[in-house]
Amino acid sequence: MQWFGNRFKIFGRQRDKRADVPEQIQAASETETKQESDTQERGMKMVIIAGLGNPTKEYENTRHNIGFMAIDALADKYHINVMDCKHKALVGKGVIGGTKVVLVKPLTYMNLSGEAIRAVVDYYKVDAESELIVIYDDISLDVGQLRIRKKGSAGGHNGIKNIIANLKSDTFLRIKIGVGEKPKEYDLVDYVLGHFSKEELEVMRESLEKVDGAVSLMLEDKVDAAMNQYNKKSKGE
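What comes next concerns the included structure. (Residues numbered from 1 in each chain as written. Predicted model: local features only at pLDDT ≥ 70, side-chain atom pairs only at ≥ 80, totals over all residues. Heavy atoms only, no water.)

**A short note on the nonpolar core**
Basically, it comes down to this: As used in this record, nonpolar core signifies buried Ala, Val, Leu, Ile, Met, Phe, Trp, Tyr and Cys residues forming a set joined through side-chain atoms within 4.5 Å. Classification of residues uses two cut-offs on accessible area relative to the type maximum, computed with a 1.4 Å probe and protein chains only: under 20% is buried, over 50% is exposed, and between them is partly exposed. Numbering of helices and strands runs from the N terminus, with a helix taken as a DSSP run of H or I at least four residues long and a strand as a DSSP run of E at least two residues long. Residue contacts are counted whenever heavy atoms from the two residues lie within 4.5 Å of one another.
Ranked by size, the top nonpolar core spans 37 residues in total, and within it Ile49, Leu103, Ile133, Ile135, Ile175, Ile177 and Val211 carry the most contacts. A total of nine residues in this core trace back to one element, the largest contributor, which is helix H6 (residues 198-219). Among residues more than four places away in sequence, those in contact with isoleucine 133 are Val47, Ile48, Ile49, Ala50, Leu173, Ile175, Met218 and Leu219. Listed in part, the 26 residues of the second largest apolar core include Met110, Ile117, Val120 and Tyr124.

**What to know about the packing of aromatic side chains**
For clarity, the cut-off: Each pair of aromatic rings taken from Phe, Tyr and Trp, with Trp reduced to its six-membered ring, is defined by centres within 6.5 Å and is described as stacked if the planes are under 30 degrees apart, edge-to-face if over 60, and tilted in the remaining cases. Charge-over-ring placement is defined geometrically: NZ (Lys) or CZ (Arg) within 6 Å of the ring centre, and within 35 degrees of the ring normal.
All told, the structure shown has two aromatic pairs when counted by the stated rule. Residues tyrosine 123 and tyrosine 124 carry aromatic rings whose centres are separated by 4.9 Å and whose planes lie at 90 degrees to one another, so their mutual orientation is edge-to-face. Its relative accessible area of 5% is what places tyrosine 124 among the buried residues. Measuring from centroid to centroid gives 6.0 Å for tyrosine 186 and tyrosine 191, while their planes differ by 85 degrees, and the two rings are edge-to-face. Positioned above the aromatic ring of phenylalanine 68, the side-chain terminus of lysine 105 is 5.1 Å from the ring centre. One Lys or Arg, arginine 174, reaches over the ring of phenylalanine 172 and ends 4.1 Å from the middle of that ring.

**Observations regarding the pairing of strand S5 (residues 89-96)**
Our working definition: Note on pairing: two strands pair once DSSP finds at least 2 bridges between them.
Where burial is concerned, most of S5 is hidden: six out of the eight residues are buried. Examined bridge by bridge, strand S4 (residues 84-86) and S5 share three bridges and lie antiparallel to one another. In the sheet register, lysine 86 faces S5, and the bridge partner there is alanine 89. Where S4 folds back onto S5 in an antiparallel hairpin, the turn is made up of two residues, including histidine 87, whose phi is positive at roughly 55 degrees. Sheet topology note: the S5/strand S6 (residues 99-106) ladder contains eight bridges and is antiparallel. Paired with lysine 93 across the strands is valine 102, a residue of S6. Where S5 folds back on S6, the antiparallel hairpin that results is connected by two residues, among which glycine 97 adopts a positive phi of roughly 60 degrees.

Now the structure itself:
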């Protein structure tokens, strides 16, 4: 499959401790035109699907960037070009299962993900409680395991913590993707910024297919069905 690596043009590994936005990204965001309103039609449902991660190639295919990888997988399958730089993010508009979507990859680095999410939510005037889906990594879940939630705390995830702070609410749809528990001898930052093994990447490919199925159900307002189907371990685990 072509989900891993080939679409990371200007993203990559993560830099959680870095709070600044790259100058070129700030400039692109500041100069974005205000004439674009073709996707803000009244009465038409639109859902923002955001995957969390860090820009620059050094972070490519790391555990903390599984959210970016999920967006790439959706973009590839549904032929959505996620290369417009605006709202401190890369965004791409398209249709999944008859629902208009905006795929989003924040370019603020993980700890400031909420700035980009809030900007996109405000621009497209969506209801964050029901028209925003955030996809991100979770070290408390086995590699590849999914966990869908309608709301909840950050659980120690700095990206989610910043989103909650910017939205002033912890009620928004989310898909957690397990990246495995940190080994005792590892530092947490080193672990989440570490790359997947070849075996783990194979598991993740299967997991991203499940993410597609979960997203499809959620776009049909079948969140409970998605939770029932995907909030469980695979057989044999």
